[in-house]
Amino acid sequence: MPSRLVCLISAVSLGSCLMNAASAAEVSGPQPFGQTYEGTPVERYTLTGGKVTVRLMNRGATITEVLAPDRAGAPADIVLGFDDVAGYESEANQYFGCTVGRVCNRIAGGKFTLDGRQYQLAVNNEPNHLHGGGKRSFDKVVWQGEKLVTPRGTAVRFSYASPDGEEGYPGNVKATVTYILGDDGALWIEWEAMTDRPTPINLTNHSYFNLAGAGSGTVLDHEVTMYADSYTPVDTNLIPTGKIDPVAGTPLDFTSPKRIGERIEQLTKTPTLGYDHNFVVRKADKLPAAAARVREPKSGRTLTVFTTQPGIQFYTGNFLTGQPGKGGKPYIYRGAFCLETQHFPDSVNQPTFPTVIVKPGEVYKQTCVYVFTAE
Ligand code: BGC
């Protein structure tokens, strides 16, 4: 394992290297980025840490750009997105880079029962609820941004107050997502939320990565390692059956590095149409735990993902249609992958899964770290 990555992994556990490295990191903004169709101003912030630059937009507390160097130092923008707000508001946007909430992934039939009362949410992905809803889910609303300096690097914090009943969910929820970029190419994403009534909360980031550069073809040659020995199998509607199965002997076995394309065809005849699976992150002594690592062989760009959550959804852009994105580049079928750290899908209806219910007085807190290196 490269020594830099060892440092980063131990930094994630021990909080040491990152603190020392934070001094050269910078944050700028907000810069105007247009307005929503309702006329609300949209702004962007730019974080610079080491050789990595990250741009963030207050609509959906969204990552709009990640410029990361290849092994020769040449930067490329490695996340899917659009050049303007209208692009993000269009049908072509499949949750590119956004914060997903209140509950990411699917809820069966859009229904759940809590404290004896049944709740009906929007069915926006027949026959299920997907990624928090309909019209005012966390990815679509405009958050309040502020710049911060933290011990680990400069940061932008986005805050949003979601009123009781929004998208059918109970409770007034106050949520923040803080993006911190250290001088070592480690982007920390920290979510916090509080509620005044028991309610489900499961937040993630939905960046689509192509480590060769967004819009530069498929990701089939990317090599993936998942620090996961099991996964949650799903039914024909992509709802977990409730079982936890081993990955061994299946195309989901990424316990040693494998090309995405090597076995993906075996999944195209299944309801997931490719990789679209929640992996159970291997237990670790210290959190955030390493969950996944992806390397693009030509550029040498590598993404390592750490999380405090029990699951990570690996999705290979099976519903991308070639829609034009930034600079008009087409985002083709299998042209990107997502690694969404989260609690398991449909947890609110699955008594054997770790709970996603947050109660008044509790603070929901989760962290994901995306580490960008080149080797
Ligand atoms: C889900 C996919 C879904 C996609 C939408 C992913 O998180 O796993 O099934 O189509 O989001 O963008």
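For the structure itself, consult the block above.
A brief report on the enclosed structure follows. None of these values were measured; they are calculated from a predicted model.

1. Examining the overall build of the chain
Assigned secondary structure in the chain consists of 4 helices and 29 strands. Taken along its principal axes, the extent of the C-alpha atoms in the chain is 60 × 50 × 45 Å. A total of 375 residues make up the chain; the buried ones form 58% of that total. Taking contacts inside the chain between residues at least 6 apart in sequence as the whole, the part at least 24 apart equals 66%. Within the structure as shown, the chain displays about 14,400 Å² of accessible surface, and the carbon and sulfur contribution to it stands at 53%. Charge separation in the chain, taken as the distance between the mean sites of 35 positive and 37 negative side-chain charges, equals 2 Å.

2. Quick word on the pairing of strand E23 (residues 301–307)
Counting buried residues along E23, 7 of its 7 residues qualify, which places the element largely inside the surrounding structure. On E23, burial covers both faces: Arg301, Leu303, Val305 and Thr307 on one face and Thr302, Thr304 and Phe306 on the other are all buried. Bridge analysis of strand E22 (residues 289–295) against E23 gives 6 bridges, and the strand direction is antiparallel. Each bridged residue has a counterpart across the sheet, and for Ala290 the counterpart in E23 is Phe306. In sequence, E22 turns back onto E23 through a hairpin of 5 residues, with Gly300 there showing a positive phi of about 80°. Where E23 meets strand E29 (residues 364–374), 7 bridges bridge the pair, whose relative direction is antiparallel. Bridging from a neighbouring strand, Val305 pairs with Tyr370 of E29.

3. As for the sheet that holds E22
Strand order in the open sheet formed by 9 strands is E11-E12-E13-E14-E29-E23-E22-E17-E20, and the pairing between neighbours is antiparallel. Only two strands of the sheet have a single partner each, and these edge strands are strand E11 (144–150) and strand E20 (258–259).

4. Here we look at the pattern of salt bridges
Taken as a whole, this structure holds 15 salt bridges when the rule is applied. As a salt-bridge pair, Lys243 and Asp245 come within 3.9 Å of each other at their nearest N and O atoms. Among the salt bridges present, the one from Glu375 reaches Arg295, with a minimum N-O distance of 3.6 Å. With Glu375 in the segment after E29 and Arg295 in strand E22, this pair connects stretches of sequence that are 80 residues apart. Through salt bridges with shared partners, one network takes in Glu223, Arg293, Arg295 and Glu375.

5. Describing the sheet that holds strand E19 (residues 245–246)
Ordered by their spatial adjacency, 5 strands build an open sheet running E19-E18-E21-E24-E27, and the pairing between neighbours is antiparallel. The two strands at the open ends of the sheet, each matched to only one other strand, are E19 and strand E27 (338–342). Pairing between strand E18 (residues 228–231) and E19: 2 bridges, direction antiparallel. Looking at the pairing, Ser230 lines up with Pro246 of E19.

6. Looking at the site of the ligand
Around the ligand, the neighbouring residues are Gln94, Tyr95, Arg106, His131, His206, Tyr208, Asp276, Gln313, Tyr315, Phe319 and Glu340. His131 places a polar side-chain atom, nitrogen or oxygen, 2.9 Å from an oxygen atom of the ligand. Relative to its unbound accessible surface of 310 Å², the ligand loses 95% to contact with the protein. Residue classes in the shell around the ligand are distributed as 4 nonpolar, 4 polar and 3 charged.

7. Concerning the nonpolar core
Leu187, Met226, Phe314 and Phe372 are the most contacted members of the largest nonpolar core, which has 60 residues in total. Setting aside chain neighbours within four positions, we find Phe314 in contact with Val224, Met226, Phe254, Ile260, Tyr275, Asp276, His277, Phe279, Phe337, Cys338 and Leu339. By size, the runner-up hydrophobic cluster in this structure holds 16 residues, among which are Phe33, Val85, Tyr208 and Leu320.

8. Here's the deal with unusual backbone geometry
With an omega of -5°, the peptide bond between Glu126 and Pro127 qualifies as cis. That bond from Leu287 to Pro288 is cis: its omega, 0°, falls within 30 degrees of zero. Within the secondary structure, Pro288 is located in the loop between strand E21 (276–281) and E22. Residue Tyr95 is not a glycine yet carries a positive backbone phi of 65°. The phi angle at Leu273 is positive, at roughly 60°, despite the residue not being glycine. The residue Leu273 is located in the loop between helix H4 (260–263) and E21 in this model. Relative accessible area serves as the criterion here: at 33%, Leu273 is assigned to the partly exposed category.

9. What to know about the environment of Ala336
With respect to the secondary-structure elements, Ala336 resides in the loop between strand E26 (330–331) and E27. On the basis of relative accessible area, Ala336 is assigned to the buried category, the value being 0%. In contact with Ala336, not counting residues within four places along its chain, are Leu80, Tyr208, Phe209, Val219, Tyr315, Thr316, Gly317 and Leu320.

10. Some words on the side chain of His343
Relative to the assigned elements, His343 resides in the loop between E27 and strand E28 (357–358). One polar contact links His343 to Gln309, side chain to side chain, over a distance of 2.7 Å. Among all residues touching His343, those that are not within four sequence positions of it are Asn202, Gln309, Pro310, Pro354, Thr355, Val356 and Gln366.

11. Let's talk about the side chain of Asp77
With respect to the helices, strands and loops of the structure, Asp77 is situated in strand E5 (residues 75–77). In this structure the side chain of Asp77 is engaged in a polar contact, spanning 3.4 Å, whose partner is the backbone nitrogen of Val79. Engagement of the side chain of Asp77 in a polar contact is seen with the side chain of Lys326, the distance being 2.7 Å. Leave out the neighbours within four places in its chain, and Asp77 touches Thr64, Glu65, Val66, Leu67, Gly213, Ala214 and Lys326.

Criteria and cut-off values
Residues numbered from 1 in each chain as written. Predicted model: local features only at pLDDT ≥ 70, side-chain atom pairs only at ≥ 80, totals over all residues. Heavy atoms only, no water. Helix = DSSP H or I, 4+ residues; strand = E, 2+ residues; numbered from the N terminus. Buried < 20%, exposed > 50% of the residue type's maximum accessible area, 1.4 Å probe, protein only. Contact = heavy atoms within 4.5 Å. Areas by Shrake-Rupley, 256 points an atom, 1.4 Å probe, with all protein chains shown as cover. Lys, Arg positive; Asp, Glu negative; His and termini not counted. Charge placed at Lys NZ, Arg CZ, Asp CG, Glu CD. Pairing = 2+ DSSP bridges. Salt bridge = Lys/Arg side-chain N within 4 Å of Asp/Glu carboxyl O. Near = heavy atom within 4 Å. Polar contact = N/O pair within 3.5 Å; in protein donor to acceptor, adjacent residues only side chain to side chain. Nonpolar A, V, L, I, M, F, W, Y, C, P; charged D, E, K, R; others polar. Core = buried A, V, L, I, M, F, W, Y, C linked by side-chain atoms within 4.5 Å.

Function cannot be inferred from these measures alone, as they are strictly geometric.
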